[in-house]
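Structural overview
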Amino acid sequence: MLSRPKLSPNPSGAYIVLDPGHGGRDPGAVDPATGTREADLNLAQALTLKEYLARLGYRVGFTRTTDETVPLPERIARARRLGARLFVSVHHDIPTATRPGVYYSPRPGSEELARTIAASLGPNAWVLPSSASRFSRLYIDDFPGPAVLVEFGPTKPTSREERIARAQAVASPIVEFARRYVA
Ligand SMILES: [Zn+2]
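The rules behind the values
- Residues numbered from 1 in each chain as written.
- Predicted model: local features only at pLDDT ≥ 70, side-chain atom pairs only at ≥ 80, totals over all residues.
- Helix = DSSP H or I, 4+ residues; strand = E, 2+ residues; numbered from the N terminus.
- Expected span 1.5 Å × (residues − 1).
- Buried ≥ 20, exposed ≤ 12 C-beta atoms within 10 Å, placed from the backbone.
- Contact = placed C-beta atoms within 7 Å.
- Core = buried A, V, L, I, M, F, W, Y, C linked by C-beta atoms within 7 Å.
- pLDDT = per-residue confidence, 0-100.
- Pairing = 2+ DSSP bridges.

1. Comments concerning helix α4 (residues 160-181)
- With 22 residues, α4 ought to run about 32 Å at 1.5 Å a step, and its terminal C-alpha atoms sit 31 Å apart, in line with that.
- The set of residues buried in α4 consists of Arg166, Ala167, Val170, Ala171, Ile174, Val175, Phe177 and Ala178.
- The inward-facing, buried residues of α4 abut β1 (15-20), α1 (38-55), β3 (84-93), α3 (110-121) and β6 (147-154).

Set out below in structure tokens:
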């Protein structure tokens, strides 16, 4: 069930950009048991999330909508060209991961956005600064506004019902944050 939007349509028309991680030559994590590619899960989850953000009144853009190789700097460039105010990167973790989690960039607002998304993903979801990632920084750091990278779960086959449940869980917190922060 989609809860009724409680808020009027976004007056500013600001874009939220969804960034389905990996794609094309970069599959991301791969589940050895099933061959499931993280890049495909990310795109499917991002497209589902877009439906719910749009129903809540937000304009949504993408850094990719097909199985395409998009270099990391180009992802930020595409978001900026769209006039995006919020950057939400959609990823899945290694197949053995047991908890979802969210990284946040050093920009103002990113940590708050990460915390609200993580809380909606469940009580055991982690929240970490991008400096704690194994790369010690993440490309989301180059986005000028609030930016997070969500690890929705392990790279395993997901059903449409699971993707809808996850999209419903995080759409409202993202929109509520966006209205306070960028609308
Ligand atoms: Zn990834």
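2. Considering the nonpolar core
- Ile16, Leu53, Ile117, Val148 and Ile174 are the most contacted members of the largest nonpolar core, which totals 46 residues.
- The biggest single contributor to this core is α4, with seven residues.
- Once residues within four sequence positions are removed from consideration, Ile16 is found in contact with Leu53, Tyr58, Val60, Ala84, Leu86, Val88, Ile174 and Ala178.

3. Observations concerning the confidence of the model for the protein
- Of the residues in the protein, 92% have a pLDDT of 70 or more, and the chain-wide mean is 92.
- Taken as a whole, residues 1-9 scores under 50 in pLDDT and shows nine contacts with residues more than four places along the chain or in a different chain.

4. Quick look at the pairing of strand β4 (residues 101-104)
- Burial along β4 is two-sided: Gly101 and Tyr103 facing one way and Val102 and Tyr104 facing the other are all buried.
- Looking at chain direction, β4 and strand β5 (residues 126-129) are connected through four bridges and run parallel. Pairing of Val102 across the sheet is with Val127, part of β5.

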